[in-house]
Amino acid sequence: MERIVAGILAHVDAGKTTLSEALLYATGQVRKLGRVDHGDAFLDTDALERERGITILAKNCSCEYNGVKINIVDTPGHADFGGEVERVLKMVNGVLLLVDAAEGCMPQTRFVLQKALQQNLSLVVAINKIDRPDARIKEVIDEVLYLLMDLGATDEQLDCPMLFCCGRDGTASLDPDVPGTDLIPLFDTLLDTIQPPQGDPEAPFQMLVSSVDYNEFVGRIGIGRIQNGVAKVGEEVVVCDWHNPDLKMRGRLTKLYDFQANGRQPCDNITAGDIVAFSGLPDVTIGNTLCAPSQVEPLPFVKINDPTVEMTFSVNDSPLAGREGKYVTSRQIRDRLQKELLKDVALKVEDSPTTDSFRVMGRGEMHLSILIETMRREGYELQVSPPHV
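For every chain, the first residue of its written sequence is number 1, and the numbers climb from 1 along that sequence. For this predicted model, a pLDDT threshold of at least 70 governs which residues receive local features, and a threshold of 80 or more governs which side-chain atom pairs are given and counted, while totals over whole chains, interfaces and linings are taken from all residues. With hydrogens and water set aside, each side-chain value is computed from the structure's full complement of heavy atoms.

Turning our eyes to something else, we now look at the side chain of S279. Mapped onto the fold, S279 is located in strand 16 (residues 275-279). For the exposure calls, accessible area comes from a 1.4 Å probe over protein chains only, and a residue counts as buried if that area is under 20% of its type's maximum, exposed if over 50%, partly exposed in between. On the accessibility criterion, S279 (1% relative accessible area) is buried. Pairs of residues are marked as contacts when any of their non-hydrogen atoms sit within 4.5 Å. With sequence-adjacent residues up to four places away left out, S279 is seen in contact with V218, R220, I221, R252, L253, T254, K255 and Y257. Under the scheme used here, helices are H or I runs from DSSP no shorter than 4 residues and strands are E runs no shorter than 2 residues, and both carry numbers assigned from the N terminus.

Shown next, in the form of structure tokens:
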């Protein structure tokens with residue numbers, strides 16, 4: 001089966017998750033259309049995501065249309081989670097850029113579009129929420145073209161197809177004056193514009209790890225797109241790294257998972273061009289390359305932007321210490337922060353001069369506040385300093 005990989009990028013609240021849900025619903029992968037504002041979106045799996053109505057972690061899902069498997073990567077819109085966007089761009093062949101029909105191009109639209117153009121990815125633009133009473137579609141089209149020119153887009157990128165969507169209703173149209181009735185124009189445009197992955201299934205196995213997950217039963221789970229060859233359960237691989245030539249670690253793939261709809265299905269082998277999750281390598285991290293032992297060759301990984309805000313996390317030494325959490329020691333807090341580093345490429349943690357506090361650096365106040373709230377819900381008790389640049 002042919003396959004393509006598309007990332008959905010946009011500013012906050014442009015409708016990325018809602019449109020992803022509509023794509024799954026239109027192809028029969030889910031039985032009802034989830035709503036972000038109702039807290040029942042299938043792709044917002046985290047409790048904090050459902051409560052706040054935002055996407056924090058990039059999600060992989062897939063659907064089938066006309067015999068082609070479309071892998072979709074739903075990304076966060078907030079600048080604080082820009083690290084999620086940067087790393088998934090190595091997995092995709094093209095991007096669907098969403099722009100709100102009323103708000104137009106926003107600062108984060110510029111950021112994500114610039115990252116996509118730097119990677120020279122195929123581009124499809126969708127003006128979303130055209131049903132809004134304050135929609136100004138013609139002006140927003142001009143804003144998008146001005147932004148593309150400002151970012152130095154090539155002629156081919158400037159000539160990218162533009163669609164007009166309403167994610168909530170599950171409609172898309174190629175004409176701004178004629179409302180759509182379904183998402184077929186969007187599916188057809190994605191298949192026409194985004195090229196299938198160029199990998200060679202006959203070549204030795206090669207894959208870049210773009211994301212890391214954790215499961216209590218199987219431990220560390222790596223996620224990435226297979227560049228060349230075929231991944232098979234039980235096969236020996238060598239882990240290497242573009243930025244660390246000394247790393248040469250051997251291991252076996254004990255389990256493979258294919259992304260079907262909004263879940264993962266265990267499978268025995270997956271071929272080049274597909275996104276796969278695997279377990280069996282306890283020390284694998286984002287940016288590593290998995291190779292066949294016969295040909296060890298690391299793949300380049302994009303440099304992640306540096307953090308901008310820092311806070312000091314320390315042991316709670318107030319008179320009420322130990323009343324709320326069950327993990328209160330500096331060793332437990334350190335272990336939890338080290339675990340977070342494994343899956344959050346935009347976070348940095350350093351020891352401070354004292355043994356019971358740590359410097360935690362992230363992309364913004366919201367980035368760090370999500371980490372603090374997650375730790376609090378897991379039973380960690382700590383005190384934090386005010387954030388500073």
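Here we take up the sheet that holds strand 21 (residues 383-384). Two strands are counted as paired when DSSP detects at least two bridges linking them. Reading across the sheet, the four strands line up as 19-20-18-21 and stay open at both edges, with antiparallel pairing between neighbours. The strands lining the two open edges of the sheet, one partner per strand, are strand 19 (348-351) and strand 21. Across six bridges, strand 18 (residues 309-314) lies against strand 20 (residues 357-362) in antiparallel orientation. Across the sheet, E310 pairs through a bridge with M361, a residue of strand 20. Against the sheet, helix 8 (residues 330-343) contacts strand 18, strand 19 and strand 20, and its axis sits at roughly 20° relative to strand 20. Only the stretch in contact is used when a helix axis is fitted, and all axes are lines through C-alpha atoms; the angle between N-to-C directions ranges over 0 to 180 degrees. In the packing of helix 9 (residues 365-377) onto the sheet, contacts are made with strand 18, strand 20 and strand 21, and the angle to strand 18 comes to roughly 20°.

Once that is clear, we can look at the pairing of strand 5 (residues 122-128). Extensive coverage of strand 5 is indicated by the burial of six of its seven residues. As judged from the seven bridges shared by strand 4 (residues 94-100) and strand 5, these two strands associate in the parallel manner. Across the sheet, the residue bridging to L98 is A126, located in strand 5. Handedness of a crossover: with both strands directed away from the viewer, a clockwise path from the first strand across the helix to the second marks it as right-handed. Remark: the strand 4/helix 4 (residues 107-118)/strand 5 crossover connection has right-handed handedness.

The definitions used throughout rest on a 1 Å grid laid over the protein atoms alone, on which a cavity is an enclosed set of points accommodating a 1.4 Å probe that cannot get out and a pocket is an open set flanked by protein within 12 Å on both sides along at least five of seven lines; lining residues are those having an atom within 4 Å of a point. Grid points are joined across faces, edges and corners, and a volume is the space filled by probe spheres set on the points. By the definition in use, this model includes one cavity of 30 Å³ or more. In this structure, the largest cavity occupies an estimated 40 Å³ of space. Along the walls of the largest cavity sit V212, D213, Y214, R220, K339, L342 and K343, which together make up its complete lining. Elements supplying a minimum of two residues to the lining of the largest cavity: strand 8 (206-215) and helix 8. Gly falls in the polar group here, along with every residue not listed as nonpolar (Ala, Val, Leu, Ile, Met, Phe, Trp, Tyr, Cys, Pro) or charged (Asp, Glu, Lys, Arg). Among the residues making up the lining of the largest cavity, the classes are represented as three nonpolar, no polar and four charged.

Once that is clear, we can look at the sheet that holds strand 9 (residues 219-228). An order of 12-11-17-8-9-16-13-14 is seen for the eight strands of this open sheet, with the pairing classed as antiparallel. What marks the edges here is a single partner per strand, and that holds for strand 12 (244-252) and strand 14 (263-267). Put simply, the sheet's adjacent strands are angled 35° from each other on average, direction ignored. Strand direction decides the pairing type here: strand 13 (residues 255-260) and strand 14, joined by five bridges, are antiparallel. Along strand 14, the bridge assignment pairs D258 with Q265.

On to helix 5 (residues 137-150). Take the number of residues in a helix, subtract one, and multiply by 1.5 Å to get its expected span. With 14 residues, helix 5 ought to run about 20 Å at 1.5 Å a step, and its terminal C-alpha atoms sit 20 Å apart, in line with that. The set of residues buried in helix 5 consists of I137, V140, I141, V144, L147 and L148. On an axial view of helix 5, the arc spanned by its buried residues comes to 125°, and they lie on one face. Counted as exposed and oriented over 90 degrees from the buried face of helix 5: Y146 and D150. Next to the buried residues of helix 5 lie strand 4, helix 4, strand 5, helix 6 (155-158) and strand 6 (162-166). This arc is taken over the directions from the axis of the helix to the C-beta atoms.

Purely geometric stuff here, so don't read any function into it on its own.
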